[in-house]
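# Summary of structural features
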Amino acid sequence: QVQLQESGPGLVKPSQTLSLTCTVSGGSITANYNSWTWLRRSPGKGLEWMGSIAYSGDTYYLPSLRSRTSISRDTSKNQFTLQLSSVTPEDTAVYYCARDCSVTDTVKCDYWGQGTQVTVSS
């Protein structure tokens, strides 16, 4: 039912800001009790929950990334975005958007985007 699609540049220069957009279809990002999440997978850290935005607009971030991370939304476009500032090559990863993620020892979400590769390189 729900489809999510990541979009944005595949290459970002070090020290710049990584910006990605997740376009959602088949569900509203303002629908009650859904949350919308950014995650990434890298060789160094595996699958990492980065942060989420709730249907209310409240945001939550991984503490280690909070200072560099901003999640926002455009409800008119049914999109939410990720901005990760001051990137380094260690931020190179496949970035995913997803819905309703539960994070314990594993990350489980009910819907995922296909992921998009972002490389940080000069």
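This write-up is about the structure you can find in this document. (Residues numbered from 1 in each chain as written. Predicted model: local features only at pLDDT ≥ 70, side-chain atom pairs only at ≥ 80, totals over all residues. Heavy atoms only, no water.)

### Thoughts on the pattern of salt bridges
A full pass over the atoms with the stated rule returns six salt bridges. Among the salt bridges present, the one from arginine 99 reaches aspartate 100, with a minimum N-O distance of 3.6 Å. A residue is classified by how much of its surface remains accessible, and arginine 99, at 14% relative accessible area, is buried. Residue classification places aspartate 100 among the partly exposed residues on the basis of a relative accessible area of 26%. Taken together, the shared-partner salt bridges in this structure form one network comprising Arg40, Lys45, Glu48, Arg68 and Asp91. (Salt bridge = Lys/Arg side-chain N within 4 Å of Asp/Glu carboxyl O. Buried < 20%, exposed > 50% of the residue type's maximum accessible area, 1.4 Å probe, protein only.)

### Some remarks on the pairing of strand E7 (residues 69-74)
Bridging between E7 and strand E8 (residues 79-84) involves six bridges; their strand directions are antiparallel. Across the sheet, residue serine 70 finds its bridge partner in E8, namely glutamine 83. (Pairing = 2+ DSSP bridges. Helix = DSSP H or I, 4+ residues; strand = E, 2+ residues; numbered from the N terminus.)

### Quick notes on the pairing of strand E1 (residues 3-7)
Burial along E1 is one-sided: Leu4 and Glu6 are buried, and none of Gln3, Gln5 and Ser7, which face the opposite way, are. Bridge count between E1 and strand E3 (residues 18-25): five bridges; the pairing is antiparallel. Along E3, the bridge assignment pairs glutamate 6 with cysteine 22.

### Description of the layout of surface pockets
Approximately 160 Å³ is the volume found for the largest pocket. For the largest pocket, the lining is made up of 13 residues, of which Arg40, Ser42, Lys45, Glu90 and Asp91 are closest to its centre. A class-by-class count of the residues in the lining of the largest pocket yields three nonpolar, four polar and six charged. (1 Å grid on protein atoms, 1.4 Å probe; cavity = no way out; pocket = protein on both sides within 12 Å on 5 of 7 lines; lining within 4 Å. Points joined across faces, edges and corners; volume = space filled by probe spheres on them. Nonpolar A, V, L, I, M, F, W, Y, C, P; charged D, E, K, R; others polar.)

### Remarks on the state of the cysteines
Here a disulfide denotes one covalent bond, and it connects the sulfur atoms of two cysteines. Following the criterion strictly, the structure yields two disulfides and no others. Cysteine 22 shares a disulfide with cysteine 97; S-S distance 2.1 Å. Handedness here is read from the sign of the S-S torsion; for cysteine 22 and cysteine 97, about 70°, the answer is right-handed. With a gap of 75 residues between them, cysteine 22 in strand E3 and cysteine 97 in strand E9 (residues 93-99) connect regions that are remote in the sequence. On the basis of relative accessibility, which here comes to 0%, the residue cysteine 22 falls in the buried class. Looking at cysteine 97, the relative accessible area reads 0%, which means it is buried. Between the sulfur atoms of cysteine 101 and its disulfide partner cysteine 109 the distance amounts to 2.1 Å. Linking cysteine 101 and cysteine 109, the disulfide has an S-S dihedral of approximately 105° and is accordingly described as right-handed. If you count the bonded cysteines of the protein chain from the N-terminus, they pair up as 1-2, 3-4. (Disulfide = S-S within 2.5 Å.)

Taken by themselves, the reported measurements are silent on function.
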